[in-house]
Amino acid sequence: NDCSNNLHYNDKGEAVYMTAAVGIVMDTDSKKQRVYGGKEVVMGPKNIGDQTSFHRDDILSLSISVDRKLVVTGQQGSTPSIHVWNADSCEQVAEF
């Protein structure tokens, strides 16, 4: 699976990108990162579980709102989902 155009900048100028099932916001000056996702889960099928506040499979697409305050990420898999999250706090706003 090929991903492109998945590096954006939030309203503070921080880099926003993804790797595997994690969204990342990085302050390029301090090199500190915040993440959306990255929770520990019980091993089992990726399509089974009650955790919907983060991705359970690889993220293949990422976009950012015009005001650069919200990020939208989409995951692949047997139960694909779309997550909207805050580009500063990395907190979930919505999941579809």
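Residues numbered from 1 in each chain as written. Predicted model: local features only at pLDDT ≥ 70, side-chain atom pairs only at ≥ 80, totals over all residues. Heavy atoms only, no water.

Draft legend 1. Structural context of the overall build of the protein. A tally of regular secondary structure across the protein gives zero helices and eight strands. Secondary structure elements of the protein occur, N-terminal to C-terminal, as β-β-β-β-β-β-β-β. Residues counted as buried form 32% of the 96 residues belonging to the protein. Partitioning the intrachain contacts of the protein with sequence separation of at least 6 by distance along the chain shows that 35% fall at a separation of at least 24. Of the roughly 6000 Å² of accessible surface on the protein, a fraction of 52% belongs to carbon and sulfur atoms. (Helix = DSSP H or I, 4+ residues; strand = E, 2+ residues; numbered from the N terminus. Buried < 20%, exposed > 50% of the residue type's maximum accessible area, 1.4 Å probe, protein only. Contact = heavy atoms within 4.5 Å. Areas by Shrake-Rupley, 256 points an atom, 1.4 Å probe, with all protein chains shown as cover.)

Draft legend 2. View of the packing of aromatic side chains. Applying the stated criterion across every chain, the model contains one aromatic pair. Each ring, one from Tyr-36 and one from Trp-85, has its centre 4.9 Å from the other, and the planes form 0°; the classification is stacked. On the criterion of sequence distance, the pair formed by Tyr-36 in strand E4 (residues 32-36) and Trp-85 in strand E7 (residues 82-86) is long-range, its members being 49 residues apart. For the pair formed by Tyr-36 and Trp-85, the shared burial category is buried. (Phe/Tyr/Trp six-rings, centres within 6.5 Å; stacked < 30°, edge-to-face > 60°.)

Draft legend 3. Broad picture of the pattern of salt bridges. Inspection of every chain in the model, using the stated rule, returns four salt bridges. Asp-88 is paired through a salt bridge with Lys-12; the nearest N and O atoms lie 3.0 Å apart. In this pair, Asp-88 sits in the loop between E7 and strand E8 (92-95) while Lys-12 sits in the loop between strand E1 (8-9) and strand E2 (15-19), placing the two residues 76 residues apart along the sequence. The salt bridge involving Asp-88 is made with Arg-34; its shortest N-O contact spans 3.6 Å. With a gap of 54 residues between them, Asp-88 in the loop between E7 and E8 and Arg-34 in strand E4 connect regions that are remote in the sequence. Overall, Asp-88 belongs to the partly exposed group, its relative accessible area being 31%. Residues joined in a network through salt bridges with shared partners are Lys-12, Glu-14, Arg-34 and Asp-88. (Salt bridge = Lys/Arg side-chain N within 4 Å of Asp/Glu carboxyl O.)

Draft legend 4. Quick look at the nonpolar core. In terms of nonpolar packing, the biggest core is built from eleven residues, these being Val-16, Met-18, Val-25, Tyr-36, Ile-59, Leu-62, Ile-64, Val-71, Trp-85, Ala-87 and Cys-90. Those elements that place two or more of their residues in this core are E2 and strand E5 (59-64). No other element matches the three residues that E5 contributes to this core. Leaving out residues up to four positions away in the same chain, Ile-59 has contacts with Cys-3, Met-18, Ala-20, Ala-21, Val-22, Gly-23, Thr-73, Gly-74 and Gln-75. (Core = buried A, V, L, I, M, F, W, Y, C linked by side-chain atoms within 4.5 Å.)

It is worth stressing that arrangement in space is one thing and function is another; only the former is reported here.
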